[in-house]
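# Examination of the molecular architecture
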Amino acid sequence: MGRLYVIMGKSAVGKDSLYCSLINRNPMLKTVIPYTTRPIRTGEVEGKEYHFVAESELERMRQQGRIVECRRYYTVHGPWYYFTADDGQLDFSGDDQYVTISTLEGFEKLCAFYGRERVVPVYIEVEDFLRLERALEREKQQPEPCAAELCRRFVADEEDFSEERLRLAGVKERIQNHDFEKALKKIEELICRG
């Protein structure tokens, strides 16, 4: 049976790096590229990490009934949306294995849309001080670094990924990303077991 593996975790746990390495090492995996209305960050490529679109495109897809899940974040730059669209990227008629990046809220909405039996959580963790160091280094690389946005994300993650919310969503297994290679191997084992 085809499944969708949803890589998620708090900001700066290494989701994007793990995702990219996973895809590079396992070309049989199919990707589901989410959409966002936020500006592209340094080093990102359109159609690789995200499809970067204007809010008008989100509204057009919403009117067409093509939004699977959508999350809005109130940032210091204004609202940013992240969403998954029913755009033909997923086809569960075969045994294909898909991978995407989302949030806990996004995971729950994907489960509601596609069925819990098809959607598998891959929760990544890193100790908070290491995560904060990583986030700070990443923010410093941006054309216009914004400490306030970094702090907002860090605080919001505490609520968004609370132990209670993880429990209610059925997220049991956690992958520690202190050692990148070990974390990547655990993800590969999880997908191969699935």
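Quick note: structure is the one above.
All of the points below concern the structure found in this document. (Residues numbered from 1 in each chain as written. Predicted model: local features only at pLDDT ≥ 70, side-chain atom pairs only at ≥ 80, totals over all residues. Heavy atoms only, no water.)

### Overview of the pattern of salt bridges
Side-chain pairs of opposite charge can arise where the charged atoms are in close proximity. This model, assessed by the stated rule, comprises 20 salt bridges. Of the charged contacts in the structure, one is a salt bridge between Lys10 and Glu158, with a shortest N-O distance of 3.2 Å. With Lys10 in the loop between β1 (3-8) and α1 (15-25) and Glu158 in helix α5 (residues 147-160), the pair connects residues that are 148 residues apart, well separated along the chain. A relative accessible area of 14% places Lys10 in the buried class. (Salt bridge = Lys/Arg side-chain N within 4 Å of Asp/Glu carboxyl O. Helix = DSSP H or I, 4+ residues; strand = E, 2+ residues; numbered from the N terminus. Buried < 20%, exposed > 50% of the residue type's maximum accessible area, 1.4 Å probe, protein only.)

### Topic: the pairing of strand β6 (residues 78-85)
Summarising burial for β6: seven of the eight residues are buried, a large majority. Relative to β6, strand β5 (residues 67-75) runs antiparallel, the two being bridged by eight bridges. Looking at the pairing, Tyr74 lines up with Pro79 of β6. (Pairing = 2+ DSSP bridges.)

### With respect to the side chain of Ser11
Note that Ser11 resides in the loop between β1 and α1. With a relative accessible area of 12%, Ser11 lands in the buried category. A polar contact is formed between the side chain of Ser11 and the side chain of Arg138, at a distance of 3.2 Å. When near neighbours in sequence (up to four residues on either side) are disregarded, Ser11 contacts Arg131, Arg138, Arg153 and Asp157. (Polar contact = N/O pair within 3.5 Å; in protein donor to acceptor, adjacent residues only side chain to side chain. Contact = heavy atoms within 4.5 Å.)

### Brief notes about the sheet that holds strand β2 (residues 30-31)
The five strands lie next to each other as β2-β7-β1-β8-β9, forming an open sheet whose pairing is parallel. Strands at the two margins of the open sheet, each flanked by one partner only, are β2 and β9 (174-176). In this structure, β2 lies alongside strand β7 (residues 97-101), joined through two bridges in parallel fashion. Residue pairing in the sheet places Lys30 in a bridge with Tyr98 of β7. Its contacts with the sheet place α1 against β1, β2, β7 and β8 (119-125), and it is angled at close to 155° to β7. (Axes fitted to C-alpha atoms, helices over the stretch in contact; angles between N-to-C directions.)

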